[in-house]
Amino acid sequence: MRAWLFPGQGSQYVGMMRGFPEAFPQAREYLERAEAILGFDVYQLCIDGPEERLRQTEYTQPALFVHEAIVVEVVREVLPADAVAGHSLGEFSALYAAGVLSFEDALRLVKLRGEAMAEAGRHVPGAMAAVIGLEDAVVEDIVARLSHDNNGVLVAANYNAPGQVVISGAAELVRAAIAHLREAGATKVVELAVSGAFHSPLIEPARQRLAEAIAATTLSPAQIPIYCNVSATPLQDAEQLRQTLLAQLTSPVRWRQTLERMYADGIREFVELGPGRVLQGLVRRTLSGVSISGIDTVQDVLRVRGK
């Protein structure tokens, strides 16, 4: 069985999607539809940057979604999936790929999500840090203790792979936690270049804005199972997917648990659709005895299409 995986924020790079509109008519059509919704030339941003703008949450998220949706359309017939999953923002690409959201509805939600998260980050500053080399329970214990002692927000936000957890919360608590985590034996703790405390209660204002839009958007039953960030379980029911999408923004991304559940359900081939190779690396760190590949560039698409 094969699963498509969709990366989230942080996977973008200047030059991504280069050549797609020249190579594939579907890409030209999708880029025109995207520009009508976004009000800017997303393809120009992807191929020329500047990098500083492409890194801004309100631009990063739509750019990633459009890239991933186009890759879906140009490989759907030759490399069909039995299941899908997306990391954080990538879950919107998974919903699109599984037929839950139309391209336009998904892009409108992604646009709002990026804008709301950027605004929340400006009004309630937060930070995130990647922790390498500790058991989940050790990280959870340290962040819970610091959060309790300081009456502040600090949580485990992303469970990316065994020994790789991202923490999120108030900037001063994240920075205080870095020293505690190193003392506990972490091999590496790095503060991330993000604009807010994503997947933590500090992003609640963004969740509320997004909740209204999600409630007003039509969701269809998924054509194939979607393994969701919040629960790491497969869902296809439209209303269950709506509820998990409402919870996703302020809940942890249980990516390691998602991969382990997919493996337990018989999936042995994992294909990352979109820019970069981040998710391929996380699959390698989490699972063994599986096939791992990625489709990012025009050359990747032509390879799988046998041209």
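Further up the page is the structure itself.
First, a word on scope: everything that follows refers to the structure included in this document. What you are looking at is a predicted structure, and each value in this text was computed from that prediction instead of being measured.

Criteria and cut-off values
Counting from 1, residues in each chain are numbered in the order their sequence is written. For a predicted model such as this one, the threshold for reporting local features is a pLDDT of at least 70, and the threshold for listing and counting side-chain atom pairs is 80 or more; totals across whole chains, interfaces and linings nevertheless cover every residue. Computation of side-chain values covers all heavy atoms of the structure but excludes hydrogens and water. Put simply, DSSP marks the helices as runs of H or I at least four residues long and the strands as runs of E at least two long, and each gets a number from the N terminus on. One fewer than the residue count of a helix, multiplied by 1.5 Å, yields its expected span. To sort residues, take the accessible area from a 1.4 Å probe on protein chains only and compare it with the maximum for the residue type: under 20% means buried, over 50% means exposed, and anything in between is partly exposed. Two residues form a contact once any of their heavy atoms are found within 4.5 Å. Strands are treated as partners if at least two bridges between them are detected by DSSP. Fitting a line to C-alpha atoms yields each axis, with helices limited to the stretch in contact; the angle taken between N-to-C directions then spans 0 to 180 degrees. Centres within 6.5 Å make a pair out of two Phe, Tyr or Trp rings, where for Trp the six-membered ring is used; the pair is then stacked when the planes are under 30 degrees apart, edge-to-face when over 60, and tilted otherwise. Comment: the charge-over-ring label is applied if NZ (Lys) or CZ (Arg) is within 6 Å of the ring centre and within 35 degrees of the ring normal. Throughout this description, any angle smaller than 35 degrees is read as roughly parallel, any larger than 145 degrees as roughly antiparallel, any in the 65 to 115 degree range as roughly perpendicular, and the remainder as oblique. Helix crossings fall into two classes, left-handed where the near helix is turned counterclockwise from the far one by less than a right angle and right-handed where it is turned clockwise. Gly falls in the polar group here, along with every residue not listed as nonpolar (Ala, Val, Leu, Ile, Met, Phe, Trp, Tyr, Cys, Pro) or charged (Asp, Glu, Lys, Arg). What makes a patch is a set of residues exposed beyond 30% relative accessible area and free of salt bridges, joined within 9 Å when like-charged and within 5 Å when nonpolar (Val, Leu, Ile, Met, Phe, Trp, Tyr). In this description, accessible areas are obtained by the Shrake-Rupley approach with a 1.4 Å probe, and a residue is regarded as covered only by the protein chains that are shown. By definition here, a salt bridge exists when the distance from a side-chain nitrogen of Lys or Arg to a carboxyl oxygen of Asp or Glu is within 4 Å. For this analysis, a nonpolar core means a set of buried residues of the types Ala, Val, Leu, Ile, Met, Phe, Trp, Tyr and Cys, connected via side-chain atoms within 4.5 Å.

Our next topic: helix H9 (residues 171–183). Between its first and last C-alpha, H9 extends 19 Å over 13 residues, near the 18 Å set by a 1.5 Å rise per residue. Looking only at H9, the buried set comprises Ala171, Leu173, Val174, Ala177, Ile178 and Leu181. Where the residues of H9 are buried, they touch strand E3 (126–132), helix H8 (136–150), strand E4 (154–161), strand E5 (164–170) and strand E6 (188–191). Following H9 by one or two positions, Gly185 adopts a phi angle in the positive range, close to 110°.

Read from one edge of the open sheet, 4 strands run E4-E5-E3-E6, paired in antiparallel fashion. Since the sheet does not close on itself, it has two edges, and those belong to E4 and E6, each with one partner. On average, adjacent strands in this sheet sit at an angle of 20° to one another, irrespective of strand direction. In terms of strand pairing, E3 meets E6 through 4 bridges, oriented antiparallel. Following the sheet pairing, Ala129 is matched in E6 by Glu191. Its contacts with the sheet put H8 on E3, E4 and E5, and the angle it makes with E4 is roughly 165°. Each of E4 and E5 touches helix H13 (residues 278–286); the most contacted strand, E4, lies at about 80° to it.

Counting across every chain of the model gives 6 aromatic pairs. Centre to centre, the rings of Phe40 and Tyr59 are 5.2 Å apart; their planes meet at 75°, and the pair counts as edge-to-face. Note that Phe40 is positioned in the loop between helix H2 (25–38) and helix H3 (42–48) and Tyr59 in helix H5 (residues 57–75), a separation of 19 residues in sequence. Summarising the aromatic geometry, the rings of Phe65 and Tyr96 are spaced 6.0 Å apart at their centres and angled 80° between planes, so their arrangement reads as edge-to-face. With Phe65 in helix H5 and Tyr96 in helix H6 (residues 90–97), the pair connects residues that are 31 residues apart, well separated along the chain. When sorted by exposure, Phe65 lands in the same class as Tyr96, which is buried. Aromatic rings pair up to connect Tyr30, Phe65, Tyr96 and Phe103 into one cluster. Lying over the aromatic face of Tyr30, Arg33 brings its terminal NZ or CZ to 4.6 Å of the ring centre. Between Arg53 and the ring centre of Phe40, over which it is positioned, the NZ or CZ distance is 5.5 Å.

Most of E3 sits out of view: 6 of its 7 residues are buried. Pairing geometry for E3 and E5, over 7 bridges, is antiparallel. Along E5, the bridge assignment pairs Ala130 with Val166.

With respect to the element layout, Pro7 can be found in the loop between strand E1 (2–6) and helix H1 (20–23). Sequence separation of Pro7 and Phe103 is 96 residues, and the distance between their C-alpha atoms is 17 Å. If near-sequence neighbours (up to four positions away) are discounted, Pro7 is found in contact with Glu68, His87, Gly90, Glu272, Leu273, Gly274, Pro275 and Leu279.

To continue, consider the packing of helix H12 (residues 255–264) against H13. At a minimum axis distance of 10 Å, the contact between H12 and H13 shows a crossing angle of 65°. Here H12 lies roughly perpendicular to H13, going by the angle between them. Read as a crossing pair, H12 and H13 show a hand that is right-handed. Note on element contacts: H13 touches H12 through Leu279, Leu282, Val283 and Thr286, opposite Trp255, Arg256, Leu259 and Glu260.

Pairs of packed helices are described in terms of their axes, by the angle between the two and the distance that separates them. For the pair H2 and H5, the least separation of the axes is 10 Å and the interaxial angle reads 150°. Regarding the angle of H2 to H5, the classification is roughly antiparallel. Helix-helix and strand crossings are classified by hand; for H2 and H5 the assignment is right-handed. Residues Gln26, Ala27, Tyr30, Leu31, Ala34 and Leu38 of H2 form the contact with H5, whose own contacting residues are Pro62, Val66, Ile70, Glu73 and Val74. Residues belonging to the contact of H2 with H5 are distributed by class as follows: 9 nonpolar, 1 polar and 1 charged.

Taken together, the side chains of Val190, Leu192 and Val194 present a nonpolar region at the surface, about 180 Å² in accessible area. Mapping Val194 onto the fold places it in the loop between E6 and helix H10 (204–215). With a relative accessible area of 32%, Val194 lands in the partly exposed category.

Here we come to the nonpolar core. Grouped together as the largest cluster of nonpolar side chains are 78 residues, with contacts concentrated most on Trp4, Phe20, Phe65, Val66, Val84 and Ile226. Of all the elements, H5 adds the most residues to this core, at 11 residues. Not counting chain neighbours up to four residues away, the residues in contact with Val84 comprise Trp4, Phe6, Ala94, Ala97, Ala98, Ile224, Pro225, Ile226, Tyr227 and Met262. Ranked by size, the runner-up nonpolar core spans 24 residues in total, among them Ala127, Val131, Ala171 and Val174.

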